[in-house]
Amino acid sequence: MKNSSTTTRSQSREVLGTSALRPDGVAKTQGDFAFSSDFQAENMLWGATLRSPHPHARIVSIDPTDAWRIPGVETIIFADDVPGQATYGLIASDQPVFAQNVVRYMGEPIAAVAADHPETCRRALAAIKIVYEELPVLFDMDLAIDPSTPPIHPDGNVFRHQRIISGDPDIVGDVIVEGTYDIGMQDQAFLGLEAALAYPDPGGAGVELVVATQWLHEDRKQIADCLGMAPEKVRLVLGGVGGAFGAREDISLQVHTCLLALRTGRPVKVQYSREESFFGHVHRHPGRIHLRHHADRNGKLLKVEGWMKLDGGAYASTSSAVLLNGITHLQGPYACDNSRLEAWATRTNNPPCGAMRGFGVVQACFAHEGQMDKLAVALGLSPVEVRLRNAMKTGDKLFTGQVVDSVAPVARCIRETDAIPLPAEPAYGTGSLELPGGSGRTSDPSHIRRGIGWGVSIKNLMYSEGFDDSAEARCTLADGVATLKFATAEVGQGFVVLAQQIARTILGVDTVVLDAIDTQIGSAGSTSASRQTWMSGGAVDGACRLVRERLFEQVAHVHNLNPLQLAVEGTDIVDTLGPLRVPVSEASKGLRIEETFLHRHRPTEELDENGQGNCHVAFAFVAHRAVVDVDTELGLVKVVQIATAQDVGQVLNPLTLLGQIEGGIAQGLGLAVMEEIVVDRGVVKNPSFTDYLLPTALDAPDVVAIPIEEYEPLAPLGAKGVGEPPCISVTPAIVAAIRNATGRDITRTPVRPQDICLPT
Amino acid sequence: MSVYMPTTVDQAVALLAQNPGACLLTGGTDTMVEVNFNHLKPGTVIGLRLVSSLREYTITPQLIQIGAGVPYARMETGPLAEALPALAAAARTVGSPQIRAAGTLGGNLGTCSPAGDGLPVLAALDAVVNLRSPRGIRGVPFQDFMVGVKRNSRVSDELIESVSIAPTSGYQDYAKVGVRNAMVISVASVCLVHDRHTASVRVALGAVGPTIIRAREAEAWLATQVDASTSLPPDEAVAIEFARRVAAEARPIDDHRSTADYRRHAIQTLTRRLYLRSTK
């Protein structure tokens, strides 16, 4: 298997701004790419995890006697076998490696087994006898917030309570609109299932873990704590990652796999099935949001007030950060001074929720965009006009008091989206696959109503609230070949090609070798929060620039020139004041120049008790317009077209940008009309791709995308992160289009057929 | 696990007699899911992919016979689709192209899920399921074949060999609601068959009861309203009342895929639409 190719393409140089092709693209399309589930080791054992069938229960007794008797079983481990810290967590360490006395969600790990074969593992798990005493299930956010409800965890039932009060919170508008919005639980549903392979060091002194993750160093820290080892004894190597979308930010199988390997002294592989994956990682927070928008007669926003409740499920994960993002984005991309907002993230016996593409902003946007449409109706304005009248611009102040100093072309995003031609009116024959209902051939053209809806969003980039999520990279130049080293998790977003483009552009080389992505260099931070182009891109850029400086010094020394007058032009070093022109390959012959660069974003602050503070680094904006055809009688939807203009800063790779836009739109469409983990009193009802529905090619709309290319001076490459914005406002745009087609005040996403066609 | 790969029906029947309870496998689109979910651990598997006679169909003016191993892909177009448009429509709703290349009518019958897409068509067409055992061939009308959720009247040494269908003269169609535009399990489905020969309109419902439901009372009512030996009248009032009566015979439940109310509503809507389509 071959995970990257370093073929030199000299015809057209794949520098920044070109649609350079990914080094892992050929391997992935030909099935040669090694995903983490493809790794094998000699003498390897398989591991598997025993999980709770109950959402809340006391563990009365555990009897593994029969499991130990099964030939091929090498070890069985429980909570008492965790040598270090018993719990882990990204923000608060509250999630047990194995449940000790109580299980708080369906699927919580209780034990792990290592054996000679996956089937032996399954049999061993089935042979472990556990007696549970079921406890009352806390599944309701309001009950969790109620202080009289008994806590289901020593840390209490509220992960975070935050308010924001700004300006004159008592001001009253001429026009007031009010709404309550519900968001269902979405799954990241990456295609490459969780998998890891751990190699114990001789004598158990350390461990190496090949794993699909989003953040090697954070994993390492949490694993080391649980193993009771120094972090340097734990080495992580990135296994091929088949998508992440936030679901690989938390620990899942990492600690279990390492423990099994250290216990048996043999390599151990753990990989989840699709069903186990639904229980093995956190999901997008479901939530309820109530907002009241005040505006003056001209449609200018005066105040936003209301509350937001997000259900974090049984353990903390990133709930407190998701809640911060949620409440600080309830404002939307609109200028407004006055607010009174309150938000809670609750602990319940529902599945744990944490990071997913959009991170709290998806929920906020669904509510504020529903409100903007209500405002438009109340004021007699079009959805476009009401948004243009309030569009945020650079220099505006947020409810938190933070001034938006990013490029903020909100009005331009809206106008350019509005200018994209609408699709043709439906001209389908009866039974067309293009009609709502698709291959089920339920609808005739006479049953269809078309609707148009809008969504516009603001999304913070990078981590917030004082977190220093720096990124490190190293560049080595030798004989015309650049080698890059970083710990940036490539999860499918394409950083591997961006890094090569940066090095080609800065150094004038064509061949850029990518070193292994592992913990043998400083942290790159997480591949999340739309941050790696900015952060790791900044680190690679910085390292390459340092190398180039030293190369210029060498050349200047040889030719007796001032290094400041040298520049890279194509693949040559040129004297900007004279005739000298030397190919980089020649100038670097026999040299080995190596530089490491640590990129940091500017510091941020925590919010005070009134929600004031410069808590975010920077922002990106996007507009979406959805056109849908709805069979109003059957409640079936076909999303016909999504038009979008996205604020992206400088475009570095048009092809990967389009990939992010189209993929994000598909994911947002999923949340709008089909993707939901159905949970009934803590019990997950649909943990499979048979019943958790992802959009198919027939559900995917035509996407017409326009990048709004305005150089972002705050960003090292002038480029904003582009990963999250595509999936945020597309969901409210589609739901608004369904409202437009049906005349129904739909307040929940995903929209189910019965929400469209049955009496409420 | 023992796997047998017979090449003739006789071999397959003999193997089944020697291995009662063996798992019969053709496309594997249901069985492998069950195996992957650890719900099924077959001890003996009889693979039927090499039994070529099971993968054949014959069409005569008197009878259409479809081998149990004919994949959905071959029902979507060609002579079978011309002879049985409702079966073609149902076949097109099954899974993805890959699934339709593998999955078979025999598998649908063997699993007997109320959401099986081929089954309402067989019910509406009054198909006969031909079961082969060492005792010979037993023809079982579909309504007697499916007896419950994932239960049928096949006994353990019988092989589902084929289905027999008497050709009909008139409109026939299948429509299915799912919460995705392709590759989705049925939330509710309707097959409507109009046959001038027998002067009948037959309707069968999928995913709204423990078995496929034939709306016989509604069919009987319709027979008092229209002359089915000729073209059906494009009478909206008849269509609406017929649909209401058909929906009343559904026995849907609430589950994670949908609600009973929506399913009944969908049955009513699809029936009305199919009736009106049949009159065009």
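Residues numbered from 1 in each chain as written. Chains lettered and ligands numbered in written order. Predicted model: local features only at pLDDT ≥ 70, side-chain atom pairs only at ≥ 80, totals over all residues. Heavy atoms only, no water.

A. Expanded view of the overall build of chain A. Each helix and strand in chain A was counted, giving 18 helices and 31 strands. At 27 Å, chain A has a C-alpha radius of gyration in line with the 27 Å of a compact globule built from 760 residues. Summarising its shape, the C-alpha atoms of chain A cover approximately 80 × 75 × 60 Å along the three principal directions. Of all 760 residues assigned to chain A, the portion counted as buried reaches 64%. In chain A, of all internal contacts separated by at least 6 residues, the share reaching a separation of at least 24 is 80%. A total accessible area of about 26,300 Å² is found for chain A, and carbon and sulfur atoms account for 51% of it. (Helix = DSSP H or I, 4+ residues; strand = E, 2+ residues; numbered from the N terminus. Rg over C-alpha atoms; globule rule 2.2 N^0.38 Å. Buried < 20%, exposed > 50% of the residue type's maximum accessible area, 1.4 Å probe, protein only. Contact = heavy atoms within 4.5 Å. Areas by Shrake-Rupley, 256 points an atom, 1.4 Å probe, with all protein chains shown as cover.)

B. Main features of the overall build of chain B. Each helix and strand in chain B was counted, giving twelve helices and 14 strands. A compact globule built from 280 residues would reach a C-alpha radius of gyration of about 19 Å, and chain B, at 19 Å, matches this within 12%. The C-alpha extent of chain B, read off along each of the three principal axes, is 60 × 45 × 30 Å. When each of the 280 residues of chain B is scored for burial, the buried share is 55%. Within chain B, contacts between residues separated by at least 24 positions form 61% of all contacts whose residues are at least 6 apart in sequence. For chain B, the computed accessible surface area is about 11,200 Å², with 53% contributed by carbon and sulfur atoms. Averaging the coordinates of the 28 positive side-chain charges in chain B and doing the same for the 24 negative ones gives two points 4 Å apart. (Lys, Arg positive; Asp, Glu negative; His and termini not counted. Charge placed at Lys NZ, Arg CZ, Asp CG, Glu CD.)

C. Spotlight on the interface of chain B and chain A. On the chain A side, the residues contacting the 32 residues of chain B number 39 residues. Here chain B and chain A share an interface that buries about 2,900 Å² over both sides, 52% of which is from carbon and sulfur atoms. The three residues of chain B that bury the most area against chain A are Arg-180, Asn-181 and Arg-273 of chain B, which together make up 26% of that side's buried surface. On inspection of chain B and its partner chain A, the count reaches seven salt bridges. A salt bridge links Arg-272 of chain B to Glu-633 of chain A, with the nearest nitrogen and oxygen atoms 2.6 Å apart. Counting the contacts that link chain B with chain A gives 22 residue pairs in polar contact (both at pLDDT 80 or more). Of all the elements in the fold, those that place two or more residues in the side of chain B that touches chain A are helix 5 (85–92), strand 11 (172–177) and helix 12 (260–278) of chain B. If one sorts the elements of the side of chain B that touches chain A by residue count, helix 12 of chain B sits on top with nine residues. (Buried area = accessible area lost by both parts, 1.4 Å probe. Salt bridge = Lys/Arg side-chain N within 4 Å of Asp/Glu carboxyl O. Polar contact = N/O pair within 3.5 Å; in protein donor to acceptor, adjacent residues only side chain to side chain.)

D. Focus on a nonpolar patch on the surface. The grouping of Met-1, Val-3, Met-5 and Leu-50 of chain B at the surface amounts to a nonpolar patch, some 440 Å² of accessible area in total. Looking at where Leu-50 of chain B falls in the secondary structure, it is placed in the loop between strand 3 (44–47) and strand 4 (57–59). (Patch = residues over 30% accessible without salt bridge, like charges linked within 9 Å, V, L, I, M, F, W, Y side chains within 5 Å.)

E. Fine view of the sheet that holds strand 2 (residues 57–63) of chain A. All names here are of chain A. Read across the sheet, three strands follow the order 6-2-8 without closing on themselves; strand pairing throughout is antiparallel. At either margin of the open sheet sits one strand with a lone partner, and together these are strand 6 (102–103) and strand 8 (129–134). Note that strand 2 and strand 8 share six bridges and pair antiparallel. Counted as the bridge partner of Ile-59 is Tyr-132 from strand 8. (Pairing = 2+ DSSP bridges.)

F. Looking closely at the nonpolar core. Residue and element names in this part refer to chain A. In this structure, Ile-223, Leu-484, Phe-486, Val-540 and Ile-573 are the most contacted members of the largest nonpolar core, which totals 89 residues. No other element matches helix 13 (residues 532–559), which puts eleven residues into this core. The residues touching Ile-223, leaving out its near neighbours within four places in the chain, are Leu-209, Val-234, Leu-236, Ile-251, Gln-254, Val-255 and Cys-258. In this structure, Cys-336, Leu-388, Ala-391 and Ile-734 belong to the second largest nonpolar core, which totals 87 residues. (Core = buried A, V, L, I, M, F, W, Y, C linked by side-chain atoms within 4.5 Å.)

G. The arrangement of helix 8 (residues 319–328) of chain A in detail. Residues and elements named next belong to chain A. In terms of burial, helix 8 is a largely internal element, nine of the ten residues being buried. Within the span of helix 8, buried status applies to Ser-319, Ser-320, Val-322, Leu-323, Leu-324, Asn-325, Gly-326, Ile-327 and Thr-328. Tucked into the core, helix 8 has its buried residues touching strand 9 (158–166), strand 16 (301–311), strand 17 (338–346), helix 9 (361–379) and strand 18 (448–461).

H. Inspection of the environment of Ser-113 of chain B at higher detail. Within the fold, Ser-113 of chain B resides in the loop between helix 7 (105–111) and helix 8 (119–124). The contact partners of Ser-113 of chain B, leaving out residues within four places of it in the chain, are Asn-108, Leu-119, Met-146 and Lys-150 of chain B.

I. Up close: the confidence of the model for chain B. Per-chain confidence: chain B averages 97 in pLDDT, with 100% of residues scoring 70 or above. Interface confidence for the predicted complex, given as ipTM, is 0.96, next to a pTM of 0.97. (pLDDT = per-residue confidence, 0-100.)

J. Inspection of the environment of Cys-226 of chain A at higher detail. All names here are of chain A. By secondary structure assignment, the location of Cys-226 is in helix 5 (residues 216–227). When the C-alpha positions of Cys-226 and Val-255 are compared, they lie 7.1 Å apart, and in sequence the two are 29 residues distant. Those residues in contact with Cys-226, other than ones at most four positions away along the chain, are Val-82, Pro-83, Gly-84, Gln-85, Thr-87, Tyr-88, Val-97 and Val-255.

K. Local environment of the sheet that holds strand 11 (residues 195–200) of chain A. Residues and elements named next belong to chain A. One open sheet accounts for seven strands, arranged 3-7-1-14-11-12-13; its pairing is mixed. One side of each edge strand has no neighbouring strand; the edge strands of this open sheet are strand 3 (73–77) and strand 13 (234–238). For this sheet the average axis-to-axis angle between neighbouring strands, irrespective of direction, equals 20 degrees. Here four bridges tie strand 3 to strand 7 (residues 109–115), and the two strands are oriented antiparallel to one another. Within strand 7, the position partnered with Thr-75 by the bridge is Ala-114. Lying over the sheet, helix 3 (residues 118–127) contacts strand 1 (45–51), strand 3 and strand 7, oriented at roughly 30 degrees with respect to strand 1. Relative to strand 3, helix 6 (residues 254–264) is tilted by about 130 degrees, and along the sheet it contacts strand 1, strand 3, strand 7, strand 11, strand 12 (207–211) and strand 14 (268–271). (Axes fitted to C-alpha atoms, helices over the stretch in contact; angles between N-to-C directions.)

L. Main features of the packing of helix 12 (residues 495–507) of chain A against helix 13 of chain A. Residue and element names in this part refer to chain A. Two numbers describe how helix 12 lies on helix 13: the axes approach to 9 Å, and their chain directions differ by 30 degrees. Overall, the two elements helix 12 and helix 13 adopt an arrangement that is roughly parallel. The two elements helix 12 and helix 13 cross, and the hand of that crossing is right-handed. Within the contact between the two elements, helix 12 uses Phe-495, Leu-498, Ala-499, Ile-502, Ala-503, Ile-506 and Leu-507 and helix 13 uses Gln-532, Thr-533, Ser-536, Gly-537, Val-540, Asp-541, Cys-544, Arg-545, Val-547 and Arg-548. Of the residues contributing to the contact of helix 12 with helix 13, the split by class is ten nonpolar, four polar and three charged. (Parallel < 35°, antiparallel > 145°, perpendicular 65-115°, else oblique. Left-handed = near helix turned anticlockwise from the far one by under 90°. Nonpolar A, V, L, I, M, F, W, Y, C, P; charged D, E, K, R; others polar.)

M. A look at the domain arrangement of chain B. Residues and elements named next belong to chain B. Along its sequence, chain B is organised into domain 1 (2–111 + 127–165) and domain 2 (172–278). Each of domain 1 and domain 2 has a C-alpha centre, and these two points are 25 Å apart. In this assembly, 16 residues from domain 1 lie in contact with eleven residues from domain 2. Each partner contributes to the roughly 980 Å² buried at the junction of domain 1 and domain 2, and carbon and sulfur atoms together form 65% of this total. (Domains from an automatic or database assignment.)

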